[in-house]
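Structure at a glance
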Amino acid sequence: MYTQSFNVPDQSDGEPGILKAVPGARDKVDPALQDGFDAVIDADGKIEPRDWMPDAYRKTLVRQISQHAHSEIVGMLPEGNWISRAPSLKRKAILVAKVQDEGGHGLYLYSAAETLGTSRDQMLDALHSGKAKYSSIFNYPTLTWADVGVIGWLVDGAAIMNQIPLCRCSYGPYARAMIRVCKEESFHQRQGYEALLTMMQGTAEQKAMVQDAVNRWWWKCLAMFGPPDADSPNSVQGMRWGIKRISNDDLRQKFVDATVPQAEVLGVTLPDPDLKWNETRGHHDYGQIDWDEFWAVVNGDGPCNKERLATRVKAWNDGAWVREAALTHAARQQARAMKEAA
Ligand SMILES: [Fe+2]
Ligand SMILES: [Fe+2]
């Protein structure tokens, strides 16, 4: 899964020493380098780690890819909470696979960010100290089993909408990581929808549970696409650089249009009295998103912000002995190899 607009500043932005990309400091940019970069972007080509790139391009990517990576890792928590309570062996196996996929997505993305000169330790420090942002959607609780299905259907569904254009992102390592991620997100969306379809053929209580989960998640999923275009001044630069391909509002509209017929098949009502087909626009109209709530959660005041961060920090601390043992083992192997080669 993935973060919101990628335009959200980390609290570390501007602070020295934290999450700063290593740009190979240049007081003056050689115009030939800038021209070469612009030519690749204009030709819709790929920028690779060894290529020259403007500092601002590098910094934007470090922020975006690291926020994306954090979102994948923190996104394991709301559903991981249900692995031990899944209603059948089949559902448990599916959920374990999905949560493991999200961990893998985080690792691809940390690796992609490292190619820009930042280190994994820097990124994790920023997450664990609360300075880095991640998707606000993961700061809400998963109250029932239906939440797991709705997260797959809507949250992973929104993630696919956001991430497919990133397969064409101008930065090579990020674009390539997204190809596999998107294939796995498709499985996540389908497993969630299928779980809900099964529940909707069940008892009245099960159907009510699905509707309740849809009611609680719908608006938060619309907010996942980030602030309206008018309030996203960085988007224009992101589009110029070929990092962002489709605007927040256009992605949100695509998601609404794709989801309405799925909700009809499922037999649930999307909780928006203003949601209706607009013949003139050829799209669905929808109501107002509560951006005050969105920003409050982004800035740390969601129902689960503290719990999510505390869980990540504990997992990191509990894993210290594994990292130390792996490093010791690697050093011993290297020493042995050098001795044998001597
Ligand atoms: Fe993911
Ligand atoms: Fe996912």
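Residues numbered from 1 in each chain as written. Chains lettered and ligands numbered in written order. Predicted model: local features only at pLDDT ≥ 70, side-chain atom pairs only at ≥ 80, totals over all residues. Heavy atoms only, no water.

1. Considerations on the overall build of the protein chain
Along the protein chain, the regular secondary structure elements total 13 helices and two strands. For a compact globule of 342 residues, the expected C-alpha radius of gyration is about 20 Å, and the protein chain comes in at 21 Å, within 12% of that figure. Taking the principal axes of its C-alpha atoms as reference, the protein chain extends roughly 70 × 50 × 35 Å. Counting all 342 residues of the protein chain, 49% fall into the buried class. Across the protein chain, the fraction of contacts at a sequence separation of at least 24, relative to all contacts at a separation of at least 6, is 80%. Summing over all exposed atoms, the protein chain offers an accessible surface of approximately 16300 Å²; the carbon and sulfur share of this is 57%. (Helix = DSSP H or I, 4+ residues; strand = E, 2+ residues; numbered from the N terminus. Rg over C-alpha atoms; globule rule 2.2 N^0.38 Å. Buried < 20%, exposed > 50% of the residue type's maximum accessible area, 1.4 Å probe, protein only. Contact = heavy atoms within 4.5 Å. Areas by Shrake-Rupley, 256 points an atom, 1.4 Å probe, with all protein chains shown as cover.)

2. Some thoughts on the environment of Glu307
Tracing the chain through its elements places Glu307 in helix α12 (residues 305-318). A sequence separation of 25 residues divides Glu307 from Gly282, and the C-alpha atoms of the two residues are 42 Å apart.

3. As for the nonpolar core
Tyr57, Ile65, Trp153, Tyr171, Tyr174 and Phe255 are the most contacted members of the largest nonpolar core, which has 76 residues in total. Counting residues per element, this core draws most heavily on helix α6 (residues 145-163), at 10 residues. Not counting residues up to four positions away in its chain, the partners in contact with Phe255 are Leu154, Gly157, Ala158, Met161, Trp218, Cys221, Leu222 and Phe225. (Core = buried A, V, L, I, M, F, W, Y, C linked by side-chain atoms within 4.5 Å.)

4. Observations concerning the coordination of the iron ion (ligand 2)
Coordination sphere of the iron ion (ligand 2), protein contribution only: Glu102 (OE), Asp156 (OD), Glu185 (OE) and His188 (ND1), at 2.0 to 2.2 Å. Coordination at the iron ion (ligand 2) comes from four donor atoms whose angles at the metal span 90 to 156 degrees, giving a geometry best classed as irregular. In this structure, the iron ion (ligand 2) lies 3.5 Å from the iron ion (ligand 1), and both are coordinated by Glu102. One end of the pair, Glu102, is in helix α4 (residues 89-114); the other, Asp156, is in helix α6, with 54 residues separating them in the sequence. Judged by its relative accessible area of 1%, Glu102 is buried. (Donors = N, O, S within 2.8 Å, 3.2 Å for Na, K, Ca; no water. Tetrahedral: all angles 85-135°; square planar, octahedral: opposite > 155°, others 65-115°.)

5. Digging into the packing of aromatic side chains
Enumeration over the complete set of coordinates arrives at 10 aromatic pairs. Residues Trp218 and Phe255 carry aromatic rings whose centres are separated by 5.9 Å and whose planes lie at 20 degrees to one another, so their mutual orientation is stacked. Separated by 37 residues along the polypeptide, Trp218 in helix α8 (residues 204-223) and Phe255 in helix α10 (residues 248-266) bring together distant segments of the chain. Aromatic side chains Trp291 and Phe294 sit 5.1 Å apart centroid to centroid with 85 degrees between the ring planes, which places their arrangement in the edge-to-face category. Here Trp291 pairs with Phe294, and both are found in helix α11 (residues 291-301), just three residues apart, close to one helical turn. (Phe/Tyr/Trp six-rings, centres within 6.5 Å; stacked < 30°, edge-to-face > 60°.)

6. Here we look at the pattern of salt bridges
Under the counting rule described, the total for this entry stands at 15 salt bridges. Notably, a salt bridge pairs Arg240 with Asp42, separated by 3.2 Å at the nearest N-O pair. Linking Arg240 in helix α9 (residues 234-240) with Asp42 in helix α1 (residues 31-42), this pair joins segments that are 198 residues apart in sequence. What makes Arg240 partly exposed here is its relative accessible area of 39%. Residue Asp249 pairs with Arg252 through a salt bridge whose shortest N-O separation is 2.8 Å. In this pair, Asp249 and Arg252 are both assigned in helix α10, three residues apart and thus about one turn of the helix distant. Arg252 gets classed as buried once you look at its relative accessible area, which sits at 1%. Connected through shared salt-bridge partners, Glu79, Lys98, Glu102 and Asp156 make up one network. (Salt bridge = Lys/Arg side-chain N within 4 Å of Asp/Glu carboxyl O.)

7. Concerning the confidence of the model for the protein chain
Scored by pLDDT, the protein chain has a mean of 92; 92% of the residues are at 70 or more. Within the model, pLDDT remains below 50 along residues 14-26, and this stretch shows 26 contacts once partners closer than five positions in the same chain are excluded. (pLDDT = per-residue confidence, 0-100.)

8. A short note on the packing of helix α2 (residues 55-74) against helix α7 (residues 172-200)
The contact between α2 and α7 brings their axes to 13 Å, and the two run at 25 degrees. Here α2 is positioned roughly parallel relative to α7, judged by the angle of their axes. For the pair α2 and α7, the sense of crossing is left-handed. Of the residues in α7, those in contact with Leu61, Gln64, Ile65, His68 and Glu72 of α2 are Tyr174, Met178, Val181 and Glu185. Considered class by class, the residues forming the contact of α2 with α7 number five nonpolar, two polar and two charged. (Axes fitted to C-alpha atoms, helices over the stretch in contact; angles between N-to-C directions. Parallel < 35°, antiparallel > 145°, perpendicular 65-115°, else oblique. Left-handed = near helix turned anticlockwise from the far one by under 90°. Nonpolar A, V, L, I, M, F, W, Y, C, P; charged D, E, K, R; others polar.)

9. Comments concerning the packing of α4 against α7
It is the contact of α4 with α7, at a shortest axis distance of 10 Å, that shows an interaxial angle of 160 degrees. It follows from the interaxial angle that α4 and α7 lie roughly antiparallel. Here α4 runs over α7; the crossing is left-handed. Classifying every residue of the contact of α4 with α7 by side-chain character gives 12 nonpolar, four polar and nine charged.

10. Thoughts on the environment of Ser232
The residue Ser232 is located in the loop between α8 and α9 in this model. A polar side-chain atom of Ser232 sits 3.2 Å from the main-chain carbonyl oxygen of Pro227. (Polar contact = N/O pair within 3.5 Å; in protein donor to acceptor, adjacent residues only side chain to side chain.)

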